[in-house]
Amino acid sequence: MKLEDGKKNIKYKILSIEGGCRSKDRLIKLGLIPGSIITIERSAPLKGPFMVDVSGSKIVVGRGIASRIDIEEIF
Amino acid sequence: MISVALIGQPNCGKSTLFNQIAGYKSLSANFPGATVSYTKGKTYIGNDLIEVIDLPGTYSLSWYDDAEKETIKALFSSDIDVIINIVDASTMIRSIELTLELMSLGRPMIVALNMMDEAENKGIYINIERLQDILGIKVVPIIAKKGKGVKKLLEEIKNAQNPRKRCIYSKNVEKEIKKVTECAKDNIKNVQWPCKLFSIKAIEGFGPCEKFFEETECKPLLDNAKNALNNGLDIIQERHALCMNIFENSAKVKKIRKKSIESKIDKFLMHPVFGYVFMFAIFILIFYVVFTGGVPIENLVIKAFDKIDAYLASNIHNKLLFSIVKGGIDGIGAATGIALPYLFPFLFIISILEDVGYLPRIAYLMDSTMHRMGVHGVSVISFVAGYGCSVPAIMATRILKSKKEKYITAFLASLVPCSARSIVIMGLAGYFLGYMYVMGLYAFNLFIILISGIILKKLLPGMSPEIILDIPPYRLPTIKTLLIKTWYKIKDFIYLAIPMLIVGSIILTLISYYKFDSYINVIFTPLLTGVLGLPAAVGVVLIFGILKKELTLIMLYQALGLSSISMVNSVMNPAQMLTFTIFVMFYIPCVATIAAINKEIGTKGATTITFATLVLAVLLAFITKIVSPLIV
Ligand SMILES: Nc1nc2c(ncn2[C@@H]2O[C@H](COP(=O)(O)OP(=O)(O)OP(=O)(O)O)[C@@H](O)[C@H]2O)c(=O)[nH]1
Ligand SMILES: [Mg+2]
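Every value quoted in this text rests on a predicted model; they were computed, and no experiment measured them.

Draft legend 1. Quick peek at the side chain of Asp88(B). Residues and elements named next belong to chain B. By secondary structure assignment, the location of Asp88 is in strand E4 (residues 82-88). Arg475 provides the closest opposite charge to the buried, salt-bridge-free Asp88, at an N-O distance of 4.5 Å. Engagement of the side chain of Asp88 in a polar contact is seen with the side chain of Ser90, the distance being 2.6 Å. With near-sequence residues (within four places) excluded, Asp88 lies in contact with Cys12, Ser95, Asn114, Met115 and Arg475.

Draft legend 2. Molecular detail of the state of the cysteines. All names here are of chain B. Per the stated rule, a full pass over the model turns up 1 disulfide over all chains. In this structure Cys12 is a free cysteine whose sulfur lies 15 Å from that of Cys243, the closest cysteine sulfur available. Overall, Cys12 belongs to the buried group, its relative accessible area being 1%. In this model Cys195 remains outside any disulfide bridge; the closest cysteine sulfur is found in Cys218, 8.6 Å from its own.

Draft legend 3. Structural detail: the site of ligand 1. All names here are of chain B. Around ligand 1, the surrounding shell holds 24 residues, and the nearest of these are Lys14, Ser15, Thr16, Ala34 and Thr35. Backbone polar atom of Gly13 to an oxygen atom of ligand 1: 2.9 Å apart, as the coordinates give it. Ser15 places a side-chain nitrogen or oxygen 2.8 Å from an oxygen atom of ligand 1. In isolation ligand 1 offers 660 Å² of accessible surface; the protein chains occlude 96% of this area. The set of elements that each furnish at least two residues to the shell around ligand 1 consists of helix H1 (14-22) and helix H4 (116-121). Ranked by the residues each element gives to the shell around ligand 1, the list is headed by H1, at 3 residues. By residue class, the composition of the shell around ligand 1 is 9 nonpolar, 10 polar and 5 charged.

Draft legend 4. Geometry of the domain arrangement of chain B. All names here are of chain B. Parsing chain B into structural domains produces domain 1 (2-157), domain 2 (171-253) and domain 3 (274-631). The C-alpha centroid of domain 3 is placed 36 Å from the C-alpha centroid of domain 1. Between domain 1 and domain 3, the contact holds 23 residues from the first and 25 residues from the second. Of the roughly 2100 Å² buried between domain 1 and domain 3 on both sides combined, carbon and sulfur atoms contribute 57%. Between domain 1 and domain 3 we count 4 salt bridges in total. For Lys406, the salt bridge identified is with Asp66, shortest N-O distance 2.5 Å. At the junction of domain 1 and domain 3, the tally comes to 14 residue pairs in polar contact (both at pLDDT 80 or more). In terms of residue count, the dominant contributor to the side of domain 1 that touches domain 3 is helix H2 (residues 66-77) (3 residues). Looking at the side of domain 1 that touches domain 3, its residues break down into 10 nonpolar, 5 polar and 8 charged.

Draft legend 5. View of the interface of chain B and chain A. Contacts between the two partners involve 31 residues from chain B and, on the opposite side, 31 residues from chain A. Both sides together, the interface formed by chain B and chain A hides about 2900 Å², and carbon and sulfur atoms give 61% of it. Among the residues of chain B in contact with chain A, Tyr64(B), Tyr364(B) and Ile468(B) are the three that bury the most area, contributing 25% of the side total. Between Arg26(A) and Asp65(B) there is a salt bridge, with its nearest N and O atoms 3.4 Å apart. Summed over the shared surface of chain B and chain A, the number is 14 residue pairs in polar contact (both at pLDDT 80 or more). Contributing elements (two or more residues each) for the side of chain B that touches chain A: helix H11 (233-250), helix H12 (261-269), helix H15 (359-371) and strand E9 (468-471) of chain B. Within the side of chain B that touches chain A, the residues separate by chemical class into 14 nonpolar, 7 polar and 10 charged. Two elements, strand E4 (residues 57-61) of chain A and E9(B), share 4 bridges in a ladder whose sense is antiparallel.

Draft legend 6. Molecular detail of helix H16 (residues 379-388) of chain B. Counting buried positions along H16(B) gives 10 out of 10 residues, so the element sits mostly inside the fold. What H16(B) keeps buried is the set Ser379(B), Val380(B), Ile381(B), Ser382(B), Phe383(B), Val384(B), Ala385(B), Gly386(B), Tyr387(B) and Gly388(B).

Draft legend 7. Structural view of unusual backbone geometry. For Ser55(A), which is not glycine, the phi dihedral falls at a positive 35 degrees. Its place among the elements puts Ser55(A) in the loop between strand E3 (50-54) and E4. Residues other than glycine seldom take positive phi values, yet Met115(B) does so here, at roughly 60 degrees. Mapped onto the elements, Met115(B) comes out in the loop between strand E5 (109-114) and H4.

Draft legend 8. Summary view of the packing of helix H13 (residues 274-315) of chain B against helix H19 (residues 419-433) of chain B. Residue and element names in this part refer to chain B. Relative orientation of the contacting elements H13 and H19 amounts to 85 degrees, with a least axis distance of 10 Å. Comparing the axis directions of H13 and H19 gives the class roughly perpendicular. Two secondary-structure elements touch here, H13 through Phe287, Val290, Phe291, Val295, Glu298, Asn299 and Ile302 and H19 through Met426, Gly427, Gly430 and Tyr431. Of the residues assigned to the contact of H13 with H19, the class counts are 7 nonpolar, 3 polar and 1 charged.

Draft legend 9. Structural view of the environment of Ser16(A). Residues and elements named next belong to chain A. With respect to the helices and strands, Ser16 occurs in strand E1 (residues 11-17). Here the alpha-carbon distance between Ser16 and Gly31, two residues 15 residues apart in the chain, equals 13 Å. If we skip the residues at most four places from it in the chain, Ser16 touches Pro34, Arg68, Ile69 and Asp70.

Draft legend 10. Spotlight on the pairing of E3(A). All names here are of chain A. The buried fraction of E3 amounts to 5 of the 5 residues, a majority that puts the element mostly inside the structure. Here E3 shows two buried faces, one formed by Phe50, Val52 and Val54 and the other by Met51 and Asp53. Hairpin remark: strand E2 (residues 37-43) followed by E3, antiparallel, with 6 residues in the connecting loop; positive phi at Leu46, about 55 degrees. With 5 bridges joining them, E3 and E4 adopt antiparallel strand pairing.

Cut-offs used in this document
Residues numbered from 1 in each chain as written. Chains lettered and ligands numbered in written order. Predicted model: local features only at pLDDT ≥ 70, side-chain atom pairs only at ≥ 80, totals over all residues. Heavy atoms only, no water. Helix = DSSP H or I, 4+ residues; strand = E, 2+ residues; numbered from the N terminus. Buried < 20%, exposed > 50% of the residue type's maximum accessible area, 1.4 Å probe, protein only. Lys, Arg positive; Asp, Glu negative; His and termini not counted. Salt bridge = Lys/Arg side-chain N within 4 Å of Asp/Glu carboxyl O. Polar contact = N/O pair within 3.5 Å; in protein donor to acceptor, adjacent residues only side chain to side chain. Contact = heavy atoms within 4.5 Å. Disulfide = S-S within 2.5 Å. Near = heavy atom within 4 Å. Areas by Shrake-Rupley, 256 points an atom, 1.4 Å probe, with all protein chains shown as cover. Nonpolar A, V, L, I, M, F, W, Y, C, P; charged D, E, K, R; others polar. Domains from an automatic or database assignment. Buried area = accessible area lost by both parts, 1.4 Å probe. Pairing = 2+ DSSP bridges. Axes fitted to C-alpha atoms, helices over the stretch in contact; angles between N-to-C directions. Parallel < 35°, antiparallel > 145°, perpendicular 65-115°, else oblique.

Laid out in structure tokens, this is it:
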């Protein structure tokens, strides 16, 4: 499942981030690393970005990036 | 003299600390990327003078944008004796990653653990001794905002030691790194980075490090290591785990049960509907407050200066002398009475917006709209800064990644009416035509920016990356920091614009005294009078406006040969005022802005923007001239 399709307020684990782009670098530095646990807090209307929570930090990522992050629900 | 560099991740409080140490010299604000160039300052520790350098924040040594690159360049090039690594205690896990990288440089360093107050509010209690032992570096807890612990930190500078420890990965990972490192040691020269760090970054795929490996015998080794280590992901994950470990071993976290006020506020301000309503309401309120506060003061000052002028006229009988004295006095009066009442509140309110942490939230809200203009949400920071002054707005493009978005943002930010141009919007159009015109003009400006953005997106090739932004917590600035910050922004006006104004006023007076006007006006008549239907005399004003936009309105009435601004409506009709205001709103940026554009996106870009804005201004002013008689 992609981050783009995730639901609000559910815990997900990041499985992988599609490579190739420099933005991957920035994501990793902000704690969005394969293995990290995240929750989606909200998304902006009209194909706006997502705001996710990673260990207490709030990170906004664009929808295009969100479509390149693989996630999995954890129980 | 030893020099100390402040290195830390964005928004961890470097500039705040710097200002505590060296006096207010570096603008601090509550969003990542507030500082984009270095600032130097000095202070005494006991009897020793030391130099302190504030640098842009960087998440790691492998830079992502130009601001981060600046920091890494400074770190390796200038002779920095001691590194103060500022760590945000409230986001410690992430921040320690940079600390680990800095440790591998093997240079004297201290960790300043900042935001201790916020960490505590989040229920995080850090055992300083433990952390110090684990890292092998002196750790000093501070609260930069309140100046707590700063003295202790300064005292520790002269005892700063090289870090005693290094980041060690698991056996297998170390083995792979070692192969690359050893080859690089022998074969790759001219690298200032420590060899291991350099190799790790290359394995992780950091371009500037990787490229040194091209066409060397180490390239196959690098590729091997990449394969073995999952393209560096194994290293990244181990390092991240190590940071979590350090945190868990040195900090206790008490669960705080109450839902933070922050997420409650965010629920409103970032709401898919109300978020936008609030945003517009906030901006409308800002313009309203500045306008309603400014006009009465403008009125008051105009009256006072009319009296002074009358007094001068009856006491100084030499006509030339009278003109010069009047020019000078009017200049000062207009600067303090007309410009400041608009400038000060504007800059003050923008400082509030910057410091509470609202800008990153606007970036989130506006991201999707910004995409239509070929940029993403982060450019909003430039735009909002642009309502204060265009120069920092242009400089803020350094936190953008691609050439295309930099170009578009710089272009559009130069169309945002800075506080100096707002003096004309409020003090002329608003003063004579009313508040609705002020709002209309700002709305029209936004509309033009949107259209220009859509056109630029189509014209320029290339892709723009998407938004990745760390949203800081809301913070309450103190009135004192806001005032100091506003003063810092307005200083330039006081020291530079007022003298220019006095000189400008005197020049204008002399021009009319010696009746040069007719010669000068000949140059401007075709465009200004012919095309735009404005008095030719405004030409000189517009030229001065390129030097410094604050001069525009103030010199206008003098150029028109009037004794007071309240008489402008006797020479210009409402349609002409609107035409003039629209022209001023868009035409050529001031020289300081042009210089900034030149620096950020190059001479070609600066030239294009200069001409394009002139053409745009003429075009829009011409349309206004035709349309406005119908509406005013
Ligand atoms: N609560 C609290 N806030 C702080 C502290 N130190 C700084 N701040 C606030 O944190 C925000 C960021 O501070 P800056 O000094 O601009 O941060 P910076 O590290 O220079 O940021 P960049 O230049 O963007 O890298 C500001 O709103 C400061 O008022 C602190 O110790 N406690
Ligand atoms: Mg700063």
